[in-house]
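# Chains, contacts and geometry: an overview
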Amino acid sequence: MRIYLRRWLLILLVGLIGASGFPAAAQENQMMPIYTNTSPRHFAWSVDSSRFVFLGSSVERSAVKLAEPDWFQYDTSTHDLSSFSVWPLQPTLTASDTQLIGPLTDNQPFIFVSPNGRFLVYTTQETQKLAIADLQLAKTYTLADLTIPNPTFGPDSFRVLWSADSNAFTVMYEPAYGEDFGTIYVHGFASNPTDVEDIYIGAFAINGHGVRGLNIQDISTDGRLILLSGIEIIPDSDGTPMTNLILWKPDDPEAAQVVSVLSGDVKGASFATNDENTLIFANERGLQTYDRMTGVIRSLKPTINTDGLRQALFSPDGKNIALIIDHPTEGNSSISIYPTSTVTG
């Protein structure tokens, strides 16, 4: 079942287009929300960056299949917002696919498809072990030492982020108890599937600074560089711990680098489109960039009002950003999709 925004909204948007080709509302620093309600959650971009998906506010517990159409999908090309009873990013499996990964019940795990469509990442229904299915070779590989406690709850509890070349991916998962999220890097399966390797990123120390509460923000095109955010604990400091950016290299974990963002906790970050030497991130100051070669941080213009910013999620291609804004006085939250080209172009 799909529910589409009425066409008169699109006509209204056309009327708002300014000379630059972007909505006048965006030019005036006023983003038009695509959705407003009490508690949207479980946000995810499709691997091709064409769709932004989230759960609405009418159910307490998420699942791949719901009794009502509470999964929402925003199409960045058509600007249609549609609702579904099944998570829109869940792949439609053929009979051979199902035979390969095993039968799935209605309470099935979330499945993440690689950009080239060759691989599926999921958990086995019986053991909840992380597994990879190679649809080209018709083989599956289970990571025996990696159990995902809540693989059926949604992207807030279990999510996968792919490199654009489909050679590596990262996993974040909610622990069974109240610790920090698990953060895993997986590679080796594309060139030689028997050599699949998973590396636990975890909390670590960089130049005497402890970093915890890691959140995976982005992965480079070739999967050889991971962009994280984390809470930096500076020894003997009375200041409030800050959420900063961390660059982590799977080939050289000891060479991790903390990027201080000066002020305001990082709410989301990404490698800039076609330029992995530039990081773009959102915090209380708005959108900013960090030049890895010069170390210069600059604010992007026009600025974006990020009052109440809870989370910022960049599309895999870096061309769009979804901003989740909390409005305490109204008792709700809004989602806005904003083209990064309006501030980086």
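Details of the structure are given in the entry above.
The structure reproduced in this document is the subject of the present report. Just so it is clear, the model here is predicted, and its values are computed rather than measured. (Residues numbered from 1 in each chain as written. Predicted model: local features only at pLDDT ≥ 70, side-chain atom pairs only at ≥ 80, totals over all residues. Heavy atoms only, no water.)

## Description of the sheet that holds strand β22 (residues 297-299)
Backbone-to-backbone hydrogen bonds join strands into a sheet, with any given pair of strands oriented parallel or antiparallel. Read from one edge to the other, the open sheet built from four strands follows the order β19-β20-β21-β22, with strand pairing classed as antiparallel. The strands lining the two open edges of the sheet, one partner per strand, are β19 (268-272) and β22. Between one strand axis and the next, the sheet turns through 25 degrees on average, direction left out of account. Across five bridges, β19 lies against strand β20 (residues 275-283) in antiparallel orientation. (Pairing = 2+ DSSP bridges. Helix = DSSP H or I, 4+ residues; strand = E, 2+ residues; numbered from the N terminus. Axes fitted to C-alpha atoms, helices over the stretch in contact; angles between N-to-C directions.)

## Let's talk about the side chain of D70
Checked against the element boundaries, D70 lands in the loop between β3 (51-55) and β4 (71-75). No salt bridge forms around the buried D70; measuring N to O, its nearest opposite-charge neighbour R41 is 8.5 Å away. Not counting the four nearest positions on each side in its chain, D70 is found in contact with F54, L55, G56, S58, V59 and F84. (Buried < 20%, exposed > 50% of the residue type's maximum accessible area, 1.4 Å probe, protein only. Lys, Arg positive; Asp, Glu negative; His and termini not counted. Salt bridge = Lys/Arg side-chain N within 4 Å of Asp/Glu carboxyl O. Contact = heavy atoms within 4.5 Å.)

## Some details on the sheet that holds strand β10 (residues 158-162)
Sheet architecture is open: four strands sit in the order β10-β11-β12-β13, paired in antiparallel fashion. Strands with a single pairing partner mark the edges of an open sheet, and in this sheet they are β10 and β13 (197-200). Ignoring which end each strand starts from, the neighbouring axes of this sheet average 20 degrees apart. Note: strand β12 (residues 182-187) against β13, four bridges, orientation antiparallel. Among the inter-strand pairings, H187 is bridged to a residue of β13, identified as E197.

## Concerning the environment of L228
Here L228 is to be found in strand β16 (residues 226-233). Sequence spacing of L228 and V258 is 30 residues, and the spatial spacing of their C-alpha atoms is 9.4 Å. The residues contacting L228, other than those within four sequence positions of it, are I201, L214, N215, I216, Q217, N244, L245, I246 and W248.

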